[in-house]
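As a plain string of letters, each chain reads:
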Amino acid sequence: MKCDRPISTGLGNSLAASVIMAVAVLPAPPAHAAAPARINQLVDNANLSERDLDDIRRYALHWAGTRQPDEVDEARAKLIEPLRAIRVGDRFRFEYSRAVVPHLEKVILQGTTHAAVNSLQVVALLGTPEALKVILAHASIDDEDDFGIRLWAARAFPIAVDQGVLPQDKINEALRKLEKAASREAAAAGAADAPLQWLVLQRQFEAIASVKNSVSRDVLAKVLKAVTQAMKKNQHGPSDLMNATYPALMLILNEYLTLDPANRKTVGKSLAPVLCDLCRVAATHWAKAQDNEVARKSYGGAVHISENLLKLIDARIRPDQVRPRTELGGAWRSGDKHRFDLDRDKWSDVLRRPPYVNKH
């Protein structure tokens, strides 16, 4: 269910800058309310008394309540302050999260973009399962209309994981939800003229890649496939989605190089067809992408990494076979469409045969 917050209507440079460089904006209680005592002395206390819990709840209510614009920096700093301690005990973290999250969730649902973004920054540092639910509730375009909030939901995920208290099964469940969110983001951006929407997808790629496990690798491959399919539907190009795809490929390459031989083979077999399809997208969008300075660089970078990954993957999957001798990256840089098509066809031919496809 989508929220009733005032929705931002444009995605121009001014909004993107205000979101990316967002300053703290959190609501506060009435001005006459006295500030509660600090609770930093409780952060590493495993035996919190009822009085301690009351202090935590009072602190959370005060600083996460409605605030005046000139008080917002102090409010955000106060909410984060206990979480910056050298050691934050699990008991305190969970009790503080229980007290703070409901207030911040209301801000995200009903406040301005800035207020919501800065609430997410606090939620991320909590890093609890309750906090993760809030992050994921605003990660998908199906649930959250606001571009800036989706962007920060993606940025909040790795911060939450880094707190070290989320169970692995919750992290894996979140990765699957981010897979759906990123695939929907790609489809929506590919179907409409949405400047800068690719930034959300880039942050989602980064969020997924921040977790180093087999689920993350599987999700990255599936999202890359979904993004490629979205770009293929654009018959003319260039697609802004390539701005997110190029850095994502660098993340995927770096992760691939850390894998053991068995995992390289498994991951490579699923990635290779997608990488070849990405080169097909570059061929389809050739003329307009070559004429656009930004697109020429992003497409060229994506082609270069895709080709290098294909060569690495093929060396693992077909160790005794001769590798296709191709220069897709060079052909793109020189604008040699004929050479590009010939080299792309070489890889297409390899991927149509065993061991990339099973014999029937």
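Structure: see above.
To start, this report covers the structure provided alongside it.

Analysis parameters
- Residues numbered from 1 in each chain as written.
- Predicted model: local features only at pLDDT ≥ 70, side-chain atom pairs only at ≥ 80, totals over all residues.
- Heavy atoms only, no water.
- Helix = DSSP H or I, 4+ residues; strand = E, 2+ residues; numbered from the N terminus.
- Contact = heavy atoms within 4.5 Å.
- Areas by Shrake-Rupley, 256 points an atom, 1.4 Å probe, with all protein chains shown as cover.
- 1 Å grid on protein atoms, 1.4 Å probe; cavity = no way out; pocket = protein on both sides within 12 Å on 5 of 7 lines; lining within 4 Å.
- Points joined across faces, edges and corners; volume = space filled by probe spheres on them.
- Nonpolar A, V, L, I, M, F, W, Y, C, P; charged D, E, K, R; others polar.
- Axes fitted to C-alpha atoms, helices over the stretch in contact; angles between N-to-C directions.
- Parallel < 35°, antiparallel > 145°, perpendicular 65-115°, else oblique.
- Left-handed = near helix turned anticlockwise from the far one by under 90°.
- Buried < 20%, exposed > 50% of the residue type's maximum accessible area, 1.4 Å probe, protein only.
- Polar contact = N/O pair within 3.5 Å; in protein donor to acceptor, adjacent residues only side chain to side chain.
- Expected span 1.5 Å × (residues − 1).
- Core = buried A, V, L, I, M, F, W, Y, C linked by side-chain atoms within 4.5 Å.
- Phe/Tyr/Trp six-rings, centres within 6.5 Å; stacked < 30°, edge-to-face > 60°.
- Salt bridge = Lys/Arg side-chain N within 4 Å of Asp/Glu carboxyl O.

Time to look at the overall build of the protein. Helix and strand counts for the protein stand at 16 helices and zero strands. For the protein, contacts bridging at least 24 residues in sequence account for 74% of all contacts bridging at least 6. Total accessible area on the protein is roughly 17000 Å²; 52% of this is exposed by carbon and sulfur atoms.

Bringing unusual backbone geometry into the picture now. For the bond running from Gly 237 to Pro 238, omega is -5°, close enough to zero to count as cis. In the segment running from Pro 354 into Pro 355, the intervening peptide bond is cis, with an omega of 5°. The topology assignment puts Pro 355 in the segment after helix H16 (337-351).

Our next topic: empty space enclosed by the protein. Scanning all chains against the criterion turns up two cavities of 30 Å³ or more. Of the voids in this model, the largest cavity is the one considered here, and its volume is about 70 Å³. Arg 217, Leu 220, Ala 221, Ile 252, Glu 255, Tyr 256, Val 267 and Leu 271 together form the lining of the largest cavity. Along the lines of polarity and charge, the residues of the lining of the largest cavity split into six nonpolar, no polar and two charged. In this model, the second largest cavity occupies a volume close to 50 Å³. Residue lining of the second largest cavity: Ala 209, Val 211, Lys 212, Asn 213, Ser 216, Arg 217, Leu 220, Leu 251 and Glu 255, and that is the complete set. At the level of elements, helix H10 (214-232) and helix H11 (242-257) are the ones that each hand at least two residues to the lining of the second largest cavity. Taken together, the residues of the lining of the second largest cavity sort by class into four nonpolar, two polar and three charged.

Looking now at the packing of helix H4 (residues 90-110) against helix H6 (residues 129-137). Close contact between H4 and H6 brings their axes to 9 Å; oriented N to C, the two are set at 20°. Judged on the interaxial angle alone, H6 and H4 are roughly parallel. Note that H4 runs across H6; the crossing there is left-handed. On H6, the residues that touch Phe 94, Ser 97, Val 101, Glu 105 and Ile 108 of H4 are Pro 129, Glu 130, Ala 131 and Val 134. Residue composition of the contact of H4 with H6, grouped by class: six nonpolar, one polar and two charged.

Mapping Glu 255 onto the fold places it in helix H11. Here Glu 255 falls in the buried class, since its relative accessible area comes to 12%. Between the C-alpha atom of Glu 255 and that of Arg 217, which follows or precedes it by 38 residues, the distance is 8.3 Å. Excluding residues that lie within four positions of it along the chain, Glu 255 makes contacts with Lys 212 and Arg 217. Within the structure, Glu 255 has its side chain in polar contact with the side chain of Arg 217 (distance 3.3 Å).

Attention now goes to the layout of surface pockets. Empty pockets left among the atoms are what a rolling probe the size of a water molecule brings to light. Reported here for the largest pocket is a volume of approximately 390 Å³. Along its surface, the largest pocket is lined by 20 residues, and Ala 221, Val 267, Ser 270, Pro 273 and Val 274 are the ones closest to its centre. Breaking the lining of the largest pocket down by element, the ones donating at least two residues are H10, helix H12 (261-284) and H16. The greatest single-element share of the lining of the largest pocket, amounting to nine residues, is contributed by H12. Broken down by class, the residue content of the lining of the largest pocket amounts to six nonpolar, seven polar and seven charged.

Attention shifts here to helix H2 (residues 50-63). Because each turn of an α-helix spans 3.6 residues, side chains separated by three or four positions in sequence point in the same direction. With 14 residues, H2 ought to run about 20 Å at 1.5 Å a step, and its terminal C-alpha atoms sit 20 Å apart, in line with that. Residues of H2 that are buried include every one of Asp 52, Leu 53, Ile 56, Tyr 59, Ala 60, His 62 and Trp 63, and no others.

For the rest of this paragraph, the subject is the nonpolar core. Ile 56, Tyr 96, Phe 157, Leu 201, Leu 224, Ile 313 and Phe 340 are the most contacted members of the largest nonpolar core, which totals 112 residues. The element contributing the most residues to this core is H12, with 11 residues.

Tallied over the entire structure, the rule returns seven aromatic pairs. Considering the side-chain rings of Trp 286 and Trp 332, the 4.8 Å spacing of their centres and the 70° angle between planes classify their relative orientation as edge-to-face. On the criterion of sequence distance, the pair formed by Trp 286 in helix H13 (residues 286-290) and Trp 332 in helix H15 (residues 328-334) is long-range, its members being 46 residues apart. Considered together, Trp 286 and Trp 332 belong to a single accessibility category, that of buried residues. A network of ring pairs unites the aromatic residues Tyr 59, Trp 63, Phe 92 and Tyr 96 as a single cluster.

For the coordinates displayed, the defined rule picks out 29 salt bridges. When the shortest N-O distance is used, the salt bridge between Glu 81 and Arg 38 registers 2.8 Å. Of the two residues, Glu 81 sits in the loop between helix H3 (72-80) and H4 while Arg 38 sits in the loop between helix H1 (13-20) and H2, which places them 43 residues apart along the sequence. Owing to a relative accessible area of 21%, Glu 81 belongs among the partly exposed residues under this scheme. Each of the salt bridges in this network shares a partner with another, and the network as a whole consists of Arg 176, Glu 179, Asp 218 and Lys 222.

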